Amino acid sequence: MSKYEAEISRRRTFAIISHPDAGKTTLTEKFLLYGGAIAQAGVVKGKKNSRAATSDWMEIEKQRGISVTSSVMQFQYEGFCINILDTPGHQDFSEDTYRTLMAADSAVMVIDAAKGVEAQTRKLFKVCAMRDIPIFTFINKMDREARDSFELLEELEKELGIETYPVNWPIGCGKEFKGVYDRGSKKIIHFTSNGGAKAATATEVELGDPNLDDLIGERLHRQLTDEIELLDGAAAEFDLDRVRHGKLSPVFFGSALTNFGVEPFLEHFLRMTTGPLPRTAGDTLIDSMDDSFSAFVFKIQANMNKAHRDRIAFMRIVSGKFEADKEVYHVQGGKKIRLSRPQQLMAAEREIIEEAYAGDIIGVFDPGIFSIGDTLCAPGKKFKFDPIPTFAPEHFRRVRSLDTMKRKQFLKGMEQIAQEGAIQIFKTPYSGMEEVIVGVVGTLQFDVLEYRLKNEYNVDLYMEGLPYEYLRWIETEDGEPVKEEDLILGDGVKLVEDYKGNQLLLFATQWAINWTSERNKQLTLLEFGGGW
Ligand code: G4P
């Protein structure tokens, strides 16, 4: 293997998905701790601050700052070069969160052992499942009272529709959480805590070892033997191929807080997951090992500081090697360019880089030329990666300029911000341009919109909440647009268009979606849009 191939094949690029508070941040930090990227846990994020009120702008800016620096983190572990993509939760949750998943090759799904599958887990899971990427489950907080492990697996299968394979099994929970049983090696890994900031001490013991009663207690020993018997009899077979196609999720138990089970997880995960996956560009598959550079833009971060209007474009390298001193071809812009100040994040630090490989994520300064989904490749090549889908917003407001004389600035600002992908804008078929309907995935985006329109375009906004929560793209059999008068639409349903002329329906309830699709059989309602 050449150095070039070795560099690419040791890359692992994944996202951690979870509902807020399940332990994503804590687990990320522990990965960095085990990877030696930080000496002690607790340094990556000033978490308490990031959760403070979002009402005043300084706070938003601070939050945005945090999401810039934590967008992606790179660290080394046992020869692997690992890129973790952050998927912000809480009020920061936005369409960006979904788009970030497009850059990942696998996902680690963190589940709170007392709570099971939660709303945000479900949404993020759906986006991962759409691409059939491998999904690994880490059932966290086993050091607290947890739900029955069998019940949790059943819930994962039923709620998410993915089969599970427990790679290890917990021994007790709460204060009695002693360790995990590794089903492959048939060994017990017994942990002793050294405080959460340091790695836990792990002792391996064979299942039949006579000292086991002393180590985990007679009752837990008996319980474990029974549960293993049940598991071996009932659970699905392990099949790496199905794991790699997102059909079977390997499940691990542990506690990110006490570090129990974190390292065994990391080791299995890195071996089960794949190196950088190929991406499609029309009918061609671009493989990571292809000899020339290619990448796509999946996120654009506007600079909130008025004095610097520039933005950062984040791109995922799909193939080859990026070299800072070489020109690349920006396909959508039709120009050869040199990427300006390419940077990468190593744990908490940002670094200007000279080179990067397939699987890596780099951020570059964007003078306003990039859009989400854009392709960059070696000069002489001209393919375009398939577009990144648009995701359905869940909050809608009617928005116009308070001052009707400022219509032009209003539209310019709205279109600019929509182009960055922070909001989606719609209009009703016969409405003029005075007002638009704005859809967002997370409500913080409304605050950001209001602030930016005022500060960058000098426009004060009037906003009015709309009762819709769901959006579906319309697909017709003949591909022709529908006429409102030909549709049977009940209360709480509205026909709108986006600015590319695609038709969509807004719904107040899930029930209204079902009602509408039953009565308008000529329509197919899609959860993901055609893309950027
Ligand atoms: P998130 O990024 O998914 O939102 O979750 P985060 O890691 O911030 O964890 C949420 C809370 O759960 C934190 O407590 C964290 O310490 C705790 N936590 C995470 N993993 C475990 C675990 O394995 N066991 C237990 N018992 N707790 C865990 P907090 O009090 O909200 O904040 P902090 O003051 O501890 O940071």
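Please read all numbers here as calculations on a predicted model, not as lab measurements.

Scoring rules and cut-offs
Residues numbered from 1 in each chain as written. Predicted model: local features only at pLDDT ≥ 70, side-chain atom pairs only at ≥ 80, totals over all residues. Heavy atoms only, no water. Helix = DSSP H or I, 4+ residues; strand = E, 2+ residues; numbered from the N terminus. Buried < 20%, exposed > 50% of the residue type's maximum accessible area, 1.4 Å probe, protein only. Areas by Shrake-Rupley, 256 points an atom, 1.4 Å probe, with all protein chains shown as cover. Pairing = 2+ DSSP bridges. Axes fitted to C-alpha atoms, helices over the stretch in contact; angles between N-to-C directions. Parallel < 35°, antiparallel > 145°, perpendicular 65-115°, else oblique. Left-handed = near helix turned anticlockwise from the far one by under 90°. Contact = heavy atoms within 4.5 Å. Nonpolar A, V, L, I, M, F, W, Y, C, P; charged D, E, K, R; others polar. Salt bridge = Lys/Arg side-chain N within 4 Å of Asp/Glu carboxyl O. Expected span 1.5 Å × (residues − 1). Core = buried A, V, L, I, M, F, W, Y, C linked by side-chain atoms within 4.5 Å.

Draft legend 1. A look at the overall build of the chain. When helices and strands are tallied, the chain shows 14 helices and 33 strands. Taken across its 532 residues, the chain has 54% of its residues classed as buried. Surface exposure of the chain reaches about 23,100 Å², of which carbon and sulfur atoms provide 48%.

Draft legend 2. Fine view of the sheet that holds strand 10 (residues 201-206). With respect to topology, 4 strands assemble into an open sheet ordered 7-8-9-10, the strand pairing being antiparallel. The sheet is open, and its two borders are formed by strand 7 (168-171) and strand 10, each paired with just one other strand. Sheet twist, expressed as the mean angle between neighbouring strand axes with direction ignored, is 25°. For strand 8 (residues 179-182) and strand 9 (residues 187-192), the ladder comprises 4 bridges, and the chain directions are antiparallel.

Draft legend 3. Focus on the packing of helix 12 (residues 407-420) against helix 13 (residues 444-457). The interhelical angle for the contact between helix 12 and helix 13, taken along N-to-C directions, is 125°, at an axis separation of 10 Å. As judged from the angle between their axes, helix 12 and helix 13 are oblique. The hand of the helix 12/helix 13 crossing is right-handed. Residue-level contacts link Gln-409, Phe-410, Lys-412, Gly-413, Met-414, Gln-416, Ile-417 and Glu-420 of helix 12 to Leu-449, Arg-452, Leu-453 and Tyr-457 of helix 13. For the contact of helix 12 with helix 13, the residue count by class is 6 nonpolar, 3 polar and 3 charged.

Draft legend 4. Examining the pattern of salt bridges more closely. Tallied over the full model, the rule gives 26 salt bridges. Across the pair Glu-394 and Lys-123 runs a salt bridge, and its minimum N-O distance is 2.9 Å. Placement of Glu-394 in the loop between strand 24 (390-391) and strand 25 (395-401) and of Lys-123 in helix 6 (residues 119-130) is noted, with a sequence separation of 271 residues between them. For Glu-394, a relative accessible area of 22% puts it in the partly exposed group. The partner of Arg-147 in a salt bridge is Glu-155, and the shortest N-O contact between them spans 2.6 Å. Given a relative accessible area of 23%, Arg-147 falls into the partly exposed group. For Glu-155, a relative accessible area of 17% gives the class buried. Via salt bridges that share partners, Glu-7, Arg-10, Arg-11 and Asp-360 belong to a single interconnected network.

Draft legend 5. Representation of the packing of helix 2 (residues 24-34) against helix 11 (residues 262-272) within the structure. Packing of helix 2 against helix 11 brings their axes to within 10 Å, and their N-to-C directions diverge by 80°. Classified by the angle their axes make, helix 2 and helix 11 are roughly perpendicular. Two secondary-structure elements touch here, helix 2 through Leu-27, Lys-30, Phe-31 and Tyr-34 and helix 11 through Val-262, Glu-263, Phe-265 and Leu-266. Its residues placed into classes, the contact of helix 2 with helix 11 shows 6 nonpolar, no polar and 2 charged.

Draft legend 6. Just the environment of Phe-314, in detail. For Phe-314, the location among the structural elements is in strand 15 (residues 311-319). The buried category is assigned to Phe-314, whose relative accessible area is 5%. In sequence terms Phe-314 and Ala-103 are 211 residues apart; their C-alpha atoms lie 9.7 Å from each other.

Draft legend 7. Main features of the environment of Glu-464. Here Glu-464 shows up in strand 28 (residues 461-466). What makes Glu-464 partly exposed here is its relative accessible area of 31%. Through-space distance from the C-alpha of Glu-464 to that of Thr-201 is 56 Å; in sequence the pair is 263 residues apart. Setting aside residues no more than four positions away along its own chain, Glu-464 makes contact with Phe-396, Arg-397 and Arg-398.

Draft legend 8. Inspection of the pairing of strand 25 at higher detail. Relative to strand 27 (residues 435-440), strand 25 runs antiparallel, the two being bridged by 6 bridges. Bridging across to strand 27, Val-399 finds its partner in Val-436. Strand direction decides the pairing type here: strand 25 and strand 28, joined by 6 bridges, are antiparallel. Directly across from Phe-396, in strand 28, lies its bridge partner Leu-466.

Draft legend 9. Broad picture of helix 13. In this model, helix 13 (14 residues) spans 19 Å end to end at C-alpha, consistent with the 20 Å of a helix rising 1.5 Å per residue. Within helix 13, the full set of buried residues consists of Leu-444, Gln-445, Phe-446, Val-448, Leu-449, Arg-452, Leu-453, Glu-456 and Tyr-457. Directly beyond the C-terminal end of helix 13, a positive phi value near 60° is found at Asn-458.

Draft legend 10. Main features of the sheet that holds strand 30 (residues 493-498). An order of 28-25-27-26-30-31-29-32 is seen for the 8 strands of this open sheet, with the pairing classed as antiparallel. Every interior strand has two partners, whereas the edge strands, strand 28 and strand 32 (523-526), have only one. Geometrically, the sheet is characterised by an average inter-axis angle of 40° between neighbouring strands, direction not taken into account. As paired elements, strand 29 (residues 470-476) and strand 31 (residues 503-507) share 4 bridges and run antiparallel to each other. Within strand 31, the position partnered with Leu-471 by the bridge is Leu-506. Along the sheet, helix 13 contacts strand 25, strand 27 and strand 28; its crossing angle with strand 28, the most-contacted strand, is approximately 165°.

Draft legend 11. The arrangement of the nonpolar core in detail. Core analysis: the biggest nonpolar cluster contains 115 residues, and Phe-31, Leu-339 and Phe-370 have the highest contact counts within it. If we skip the residues at most four places from it in the chain, Leu-339 touches Met-315, Phe-322, Val-328, Ile-362, Val-364, Phe-370 and Leu-376. Core analysis: the next-biggest nonpolar cluster, separate from the first, contains 19 residues, Ile-417, Ile-425, Val-436 and Val-459 among them.

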